[in-house]
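What follows is the residue order along each chain.
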Amino acid sequence: MKSFRDKRRDGRPHPARAEQSRLHEASPAGRQQAAPAERRETRPADRQEAKPAPRVLARREGTLPAERLPLILEVAPNADYALLDSGAGAKLEQYGPYRIVRPEGQAIWQRALPAKEWERADAIFTGDTDEEGIGRWRFPKSPLGETWPMKHDGIDYLGRFTSFRHVGVFPEQASHWDHMAGLIAAAKRPVKVLNLFGYTGLASLVAARAGAEVTHVDASKKAIGWARENQEMAGLADKPIRWIVEDAVKFAEREERRGSRYDIVLFDPPAYGRGPKGEVWQLFEGLPGLTDLCRSILTPKPLAVVLTAYSIRASFFAIHALMRDTFAGMGGTVESGELIIREKSAGRALSTSLFSRWVA
Ligand SMILES: C[S@@+](CC[C@H](N)C(=O)[O-])C[C@H]1O[C@@H](n2cnc3c(N)ncnc32)[C@H](O)[C@@H]1O
């Protein structure tokens, strides 16, 4: 039986699965078996499974990095984004100009704001239709376009109503972005950042603006397209960002063989995903190998490796132990905990994900 925690971790939408479900829908054979977008383990029968050979892992020698935990990284309400209220299985958020209501399985408490505040929403994710894209959203005031202007700390980008309930950004990740930008600025030397599973590219844009040379990898062509649009929107088109449509593991393996090295690696893998050639990504199977790979593609003077994990049946202690073991002999500190968003109405903390990061 799944625990409460498991269910809670299942709460975040999976863009990869949404993308796959779109691919799946394209084929009539697939359509018959199409699973609801939020179901785990969607395995389209019409796509070949391609599993890379598992990496042979040996326990790393050396002293374990120091540890700091639990570390709770918090996003407070701000001018660009605010969790306005939550409760009764939903959350009310302000994304730039729009007030948005989405389901939130963790919000098992009561709403603090009166109903009239919730009724002022510009968009509500219903998810109760078979439609793709914007069809799963309801706009009570007036129909809205698919995208809208957003900002993070002065970086312009596009919010986006997608077929999944996500909106093109995971605001809780801002804690990592700010930390990373600080490391890049403090390094006072050229810094190379690898952003695996990079999605719409906010982390890549923050890193590029801070002065890093960035490689952004995602399996979804569509997500890469959105990320490029965001780069234009942010006025960062002249910054060195390589946008790569590729399976994250394959890409990292290739970088290891080629001797390409990075000072910072970010990886935010979904619980389940597929590479562009149908490569299967399963978090529990793949994470130890990918974490090890991330270590082996670091420069001799690396700055950090940041792992975020949504939708997994684990506590942050599990990814903490994995990271600490993997970075044995490298010094530094492994910090682990949760990314939370602080609610404006009653100050409750909404937990979104687990993280573990090694910092030199
Ligand atoms: C949860 S999102 C990452 C969110 C991002 N870090 C952020 O903060 O905005 C997961 C991303 O992983 C991508 N993905 C899924 N499977 C993949 C794979 N095998 N290789 C590379 N990317 C993959 C999806 O397309 C999706 O964009």
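Every value quoted in this text rests on a predicted model; they were computed, and no experiment measured them.

### A few points about the pairing of strand β15 (residues 304-309)
β15 sits mainly inside the fold: six of its six residues count as buried. Residues A304, V306 and T308 of β15 are buried on one face, and the alternating residues V305, L307 and A309, pointing to the opposite face, are buried as well. Judged from the four bridges that link them, strand β12 (residues 264-267) and β15 form a sheet pairing that is parallel. Bridge assignment links L266 to a residue of β15, and that residue is V306. Of the pairings in the sheet, the one linking β15 to strand β17 (residues 349-359) comprises six bridges and is antiparallel in character. Each bridged residue has a counterpart across the sheet, and for A309 the counterpart in β17 is L354.

### A short note on the pairing of strand β2 (residues 81-87)
Where burial is concerned, most of β2 is hidden: seven out of the seven residues are buried. Summarising the sheet, β2 and strand β3 (residues 90-95) pair through six bridges and their orientation is antiparallel. Among the inter-strand pairings, G87 is bridged to a residue of β3, identified as A90. Hairpin connection from β2 to β3: two residues lie between these consecutive antiparallel strands, with A88 at a positive phi of about 50 degrees.

### Here's the deal with helix α9 (residues 283-296)
If you check α9, its first and last C-alpha atoms are 19 Å apart, about what 14 residues at 1.5 Å a residue would give, namely 20 Å. Looking at the packing, one finds that the buried side of α9 touches α8 (248-258), β12, β14 (280-282), β15 and α10 (316-326).

### Brief notes about the packing of α8 against α9
Contact geometry of α8 with α9 gives a least axis separation of 10 Å together with a crossing angle of 35 degrees. Here α8 runs over α9; the crossing is left-handed. Of α9, the residues touching α8 (which contributes A248, V249, A252, E253 and E256) are G286, L290, L293, C294 and S296. For the contact of α8 with α9, the residue count by class is six nonpolar, two polar and two charged.

### Quick notes on the sheet that holds strand β9 (residues 192-196)
With mixed pairing, the eight strands of this open sheet are ordered in space as β1-β16-β17-β15-β12-β9-β10-β11. Unpaired on one side and paired on the other, β1 (66-75) and β11 (241-245) mark the two borders of the sheet. Averaged over all neighbouring strand pairs, the angle between strand axes comes to 15 degrees, with direction disregarded. Summarising the sheet, strand β16 (residues 333-342) and β17 pair through 10 bridges and their orientation is antiparallel. Within β17, the position partnered with L339 by the bridge is S353.

### Section: the environment of T291
In this fold, T291 is placed in helix α9. Look at T291 and you get buried, because 24 C-beta atoms sit within 10 Å. Along the chain, T291 and V249 lie 42 residues apart, while their C-alpha atoms are 9.9 Å from each other. Once you skip the residues sitting within four places of it in the chain, T291 turns out to touch L307, L322, M323 and T326.

### As for the sheet that holds β3
An order of β2-β3-β4-β5-β6 is seen for the five strands of this open sheet, with the pairing classed as mixed. In this open sheet, the two strands that pair with only one neighbour each are β2 and β6 (137-138). As paired strands, β3 and strand β4 (residues 98-103) are joined by six bridges and run antiparallel to one another. Bridging across to β4, E93 finds its partner in I100.

### Regarding the confidence of the model for the chain
On average, the chain scores 86 in pLDDT, and the residues at 70 or more come to 85%. Ignoring residues within four places in sequence, the model shows residues 1-47, a span with pLDDT below 50, making 71 contacts including any to other chains.

What counts and what doesn't
Residues numbered from 1 in each chain as written. Predicted model: local features only at pLDDT ≥ 70, side-chain atom pairs only at ≥ 80, totals over all residues. Buried ≥ 20, exposed ≤ 12 C-beta atoms within 10 Å, placed from the backbone. Helix = DSSP H or I, 4+ residues; strand = E, 2+ residues; numbered from the N terminus. Pairing = 2+ DSSP bridges. Expected span 1.5 Å × (residues − 1). Contact = placed C-beta atoms within 7 Å. Axes fitted to C-alpha atoms, helices over the stretch in contact; angles between N-to-C directions. Left-handed = near helix turned anticlockwise from the far one by under 90°. Nonpolar A, V, L, I, M, F, W, Y, C, P; charged D, E, K, R; others polar. pLDDT = per-residue confidence, 0-100.

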